[in-house]
Amino acid sequence: PPPPTTPDRSTGRRALEHIMTTPVDHDEISIAWRDIVYDVPVAVKPTKKVGDGYNPEVSKTKRILHGVSGHVKAGEVIAIMGPSGSGKTSLIHVLGGRRETGVTGTFVINGETHQNTRSLLQDLGYVTQEDVLMTSLTTRETLAYATRLRLAPRQLDKSSSRAAAISAIVDRAIDEFDLERPANSPVGVVGEGGISGGEKRRLVIAMECVHKPKVLLLDEPTSGLDATTALLVVNKLRSIANGEAGGHRAAVVTSIHQPRSSIMPLFDCAVLLADGREVYCGPTFTTLPGGALSEDGIMGWLNDVGYPCPPFESPPDFMMDMINTRVEDEGAPREKNAANAAHDAAEGGGQPQILDRDVVVKELTASWLTSPRRAKYLSAGDEIASMTPSRASERSNLRRRSSFAVWCTRFGALVSRTSLYKLREPSAMATQGVNSILMPVIIGSIFFDLPLTVSGASDRLSAISLIVLMQSFASFDQLLLFPKERGLFLHESNGGMYSTSVYYWARTIVESVTIIVFALVCACVAYEMFGLDDSADGRFTFYCIIVAVTMAGAAFLTMIGSLCKTFEQTNALAVTLLIVLMMFDGNWINRRNIPVYYRWLTEVSFLGYAVEAAVASDFKRHDFTCTARAVEEEGCVPLTGSQFLRSLDFDPDMVWPNFWLLFGVSAAYRLPP
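Anyway, here's the lowdown on the structure attached to this text. Here the structure is a predicted model, which means the values were calculated and not measured. (Residues numbered from 1 in each chain as written. Predicted model: local features only at pLDDT ≥ 70, side-chain atom pairs only at ≥ 80, totals over all residues. Heavy atoms only, no water.)

Some remarks on the packing of helix H21 (residues 606–619) against helix H24 (residues 655–669)
- In contact at an axis separation of 8 Å, H21 and H24 are set at 155° when each is read in the N-to-C sense. With respect to their mutual orientation, H21 and H24 come out roughly antiparallel. For H21 against H24, the interelement crossing comes out left-handed. Contacts between H21 and H24 involve Phe-606, Tyr-609, Ala-610, Glu-612, Ala-613, Ala-616 and Ser-617 on the former and, on the latter, Val-655, Asn-658, Leu-661, Leu-662, Val-665 and Tyr-669.
- When the residues that make up the contact of H21 with H24 are grouped by side-chain class, the tally is 10 nonpolar, 2 polar and 1 charged. (Axes fitted to C-alpha atoms, helices over the stretch in contact; angles between N-to-C directions. Helix = DSSP H or I, 4+ residues; strand = E, 2+ residues; numbered from the N terminus. Parallel < 35°, antiparallel > 145°, perpendicular 65-115°, else oblique. Left-handed = near helix turned anticlockwise from the far one by under 90°. Contact = heavy atoms within 4.5 Å. Nonpolar A, V, L, I, M, F, W, Y, C, P; charged D, E, K, R; others polar.)

Looking at the sheet that holds strand S10 (residues 277–283)
- Strand order in the open sheet formed by 6 strands is S6-S7-S8-S3-S9-S10, with mixed pairing between adjacent strands. At either end of the open sheet lies a strand with only one pairing partner, and these are strand S6 (124–127) and S10. Neighbour-to-neighbour, the strand axes of this sheet turn through a mean angle of 15°, independent of strand direction.
- The pairing of S6 with strand S7 (residues 215–219) spans 4 bridges and is classified as parallel. Looking across to S7, one finds that Leu-124 is bridged to Val-215. (Pairing = 2+ DSSP bridges.)

Quick notes on the state of the cysteines
- A full pass over the atoms with the stated rule returns 1 disulfide.
- Here Cys-626 pairs with Cys-636 through a disulfide, and the sulfurs are 2.0 Å apart. The S-S bond linking Cys-626 to Cys-636 shows a torsion near -65°; that makes this disulfide left-handed. Residue Cys-626 is found in the loop between strand S11 (623–624) and helix H22 (628–634), and its partner Cys-636 is found in the loop between H22 and strand S12 (639–640); the two are separated by 10 residues along the sequence.
- Look at Cys-626 and you get buried, because its relative accessible area is 18%.
- Taking relative accessible area as the criterion, Cys-636 reaches 17% and is therefore assigned buried.
- Looking at the unpaired Cys-281, the closest cysteine sulfur is the one in Cys-269, lying at 8.8 Å.
- A relative accessible area of 1% places Cys-281 in the buried class. (Disulfide = S-S within 2.5 Å. Buried < 20%, exposed > 50% of the residue type's maximum accessible area, 1.4 Å probe, protein only.)

Some thoughts on the pairing of strand S8 (residues 251–256)
- For S8, a buried count of 6 out of 6 residues is recorded, marking the element as mostly surrounded by other parts of the structure.
- Side chains Ala-251, Val-253 and Ser-255 of S8 all project onto a buried face; the interleaved residues Val-252, Thr-254 and Ile-256 project onto the opposite face, where all are buried too.
- Note that strand S3 (residues 77–81) and S8 share 5 bridges and pair parallel. Bridged to Ala-79 within S8 is Thr-254.
- Of the pairings in the sheet, the one linking S7 to S8 comprises 5 bridges and is parallel in character. Counted as the bridge partner of Val-215 is Ala-251 from S8.

Points about the nonpolar core
- In terms of nonpolar packing, the biggest core is built from 97 residues, with Trp-33, Met-81, Leu-143, Ile-205 and Leu-272 touching the most fellow members.
- With sequence-adjacent residues up to four places away left out, Trp-33 is seen in contact with Val-68, Ser-69, Gly-70, His-71, Val-72, Leu-91, Leu-95, Thr-106 and Phe-107.
- Judged by nonpolar contacts, the second largest core, of 65 residues, contains Ile-464, Leu-581, Tyr-609 and Val-611. (Core = buried A, V, L, I, M, F, W, Y, C linked by side-chain atoms within 4.5 Å.)

Comments concerning the packing of helix H18 (residues 536–563) against helix H19 (residues 567–583)
- Remark: H18 packs on H19, axes separated minimally by 9 Å, with the N-to-C direction vectors making an angle of 145°. As H18 runs across H19, the sense of the crossing is right-handed. Here H18 contributes Phe-556, Leu-557, Ile-560 and Gly-561 to the contact with H19, which in turn contributes Thr-570, Leu-573, Ala-574, Leu-577, Leu-578 and Leu-581.
- Class assignment of the residues belonging to the contact of H18 with H19 gives a composition of 8 nonpolar, 2 polar and no charged.

Section: the environment of Ala-668
- By secondary structure assignment, the location of Ala-668 is in helix H24.
- Owing to a relative accessible area of 44%, Ala-668 belongs among the partly exposed residues under this scheme.
- Here the alpha-carbon distance between Ala-668 and Phe-556, two residues 112 residues apart in the chain, equals 9.1 Å.

Let's talk about a nonpolar patch on the surface
- Side chains of Ile-437, Val-441, Ile-509, Val-513, Val-517 and Val-521 sit close together on the surface and give an oily, nonpolar patch of about 450 Å² of accessible area.
- For the nonpolar patch, the elements supplying multiple residues, two or more each, are helix H14 (426–446) and helix H17 (500–530).
- Per-element accounting of the nonpolar patch gives the leading share, 4 residues, to H17.
- One can find Val-513 in helix H17. (Patch = residues over 30% accessible without salt bridge, like charges linked within 9 Å, V, L, I, M, F, W, Y side chains within 5 Å. Areas by Shrake-Rupley, 256 points an atom, 1.4 Å probe, with all protein chains shown as cover. Salt bridge = Lys/Arg side-chain N within 4 Å of Asp/Glu carboxyl O.)

With respect to helix H11 (residues 372–382)
- Of all the residues in H11, the buried ones are Arg-374, Tyr-377, Leu-378 and Gly-381. With its buried residues spanning 95° around the axis, H11 presents them on a single face. The outward face of H11, more than 90 degrees from its buried face, is lined by the exposed residues Pro-372 and Lys-376.
- Of the residues flanking the start of H11, the one acting as N-cap is Ser-371, its side-chain oxygen 3.1 Å from the backbone nitrogen of Arg-373. (Arc of directions from axis to C-beta. Polar contact = N/O pair within 3.5 Å; in protein donor to acceptor, adjacent residues only side chain to side chain.)

Below you can see the structure in the form of structure tokens.
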């Protein structure tokens, strides 16, 4: 299918103006989270004591978040700060509903108490730390597909086509996020061609904002960006929270590692974490006339606990240095020794203010739990619990499309995107082209125009077996593409953009079309070069068998690709299993000579089904003669095709039963676990 096209801009702009002026339900969302605890299971290795046996492996848990509380209101931008390993990403995952197992605590959303935030999926934007994009699509195409998927449940402007309305939304997103320059450039990979890192981050944020989310969560959106680009990104988050693009205000929560001083005032509040515990939650600071910093927020808190920020030091840098605990053994002493003092004196300009950061973290967390500032901060968040529960979802359901229409819209978008990606991905087309065109030509040139002799019959068996084997590898791109798409699929499906069934059927349809086309090309080349039976019925049967075994091989490789997490694992497992199945297809060892403990493999080898069906279809139409030399030197005896099949332990009547077995195997490999 062709990529999304851009209709006339005047038509698109008129559609956009109509969309933005149409009365819609823009109820804003505020969230408070209380006493959030997040535990993950860890396995403790078995230990051996003197005189005792091995203790069994014990499953324990590690606490990532320790009773964290906070809130975000519509129109606010909250920064979650802390050193690496402090729990920033985990808290974002929990707030986004991406972590449910091991999570305890409560969430209050506009006056309603929930155990998680999954109810906000349709009103939530979630930007991960790692960009999950299809590198061969352009910026405009990426936004267009994201918009089609995100807005599938919503009714759009009825005065124009849905395509024009979506195109108008994409044009607006490109304009708002300053993506005009790379709009028609492939996303690519940073450092290997493609758009820049800053453009890629703005694109990812734009994808999560096309549906005007009421809550936007971001995991380190400034990671890997220079200071100026990071400032531009945070400014954009500020404008989204303020609702400057029209519509409602948004509640924005972002994790950020170590922002520059000019970025901090853009945040309404900061949540400072260390070792999964609260160190501070509340206002940041603003710059007063004369260059001083306001002390009603985090600067005042630092003064209260006896760690004032030096006048000429960046406050964010000072805070990160203060709570960035050293990596130490659990049993190591944590005393304020001279070495620590000298180290911190060098960092602090001559004054050993921070003797041991682990001690500082414990002191700050203990002070914060009993601080009046924390009580004031939590009371401000308690206002969310007193809000009147919104009935926005009930009213918005009246404007939502039917489930069938939503499914069809998302299916069409995924079919189009998958087709475009597959056509542009060199690894996909090259693999199938080599296996279905080049290899049949090479094999056909070796087994060219095989004679109808007894020795030629053995060569026919080998030739057909090789073609069947090559076609089982024809869809090897499944091992290459699926691991690449795994992150994108998990991100989009967890975000409620589509269900697994939509993704599954879209990929299956696209794969089936390419499989059939390439399989028919392979069958045609091999059949004519081998010189098999010259009849329409023989050709039709052979073509059907090759298509069926190619689809079975694709299903097999898809199953392997979905079971393994890396390409290395899928490659090793797939090649090993296919070689094992190949060994029992009837060509490499006569079925009658297979050891009894391996004979069950002939019953499950889909390669064996295909070889038996293809060989039987051709052999039963011929009689194989002996050359004069073979009679004189070898005592050759002429055989009918059926006799030769019996010598291989093949059944001449299993052509079509094996064909349907191939389709049954293909369906079984694609069944969900």
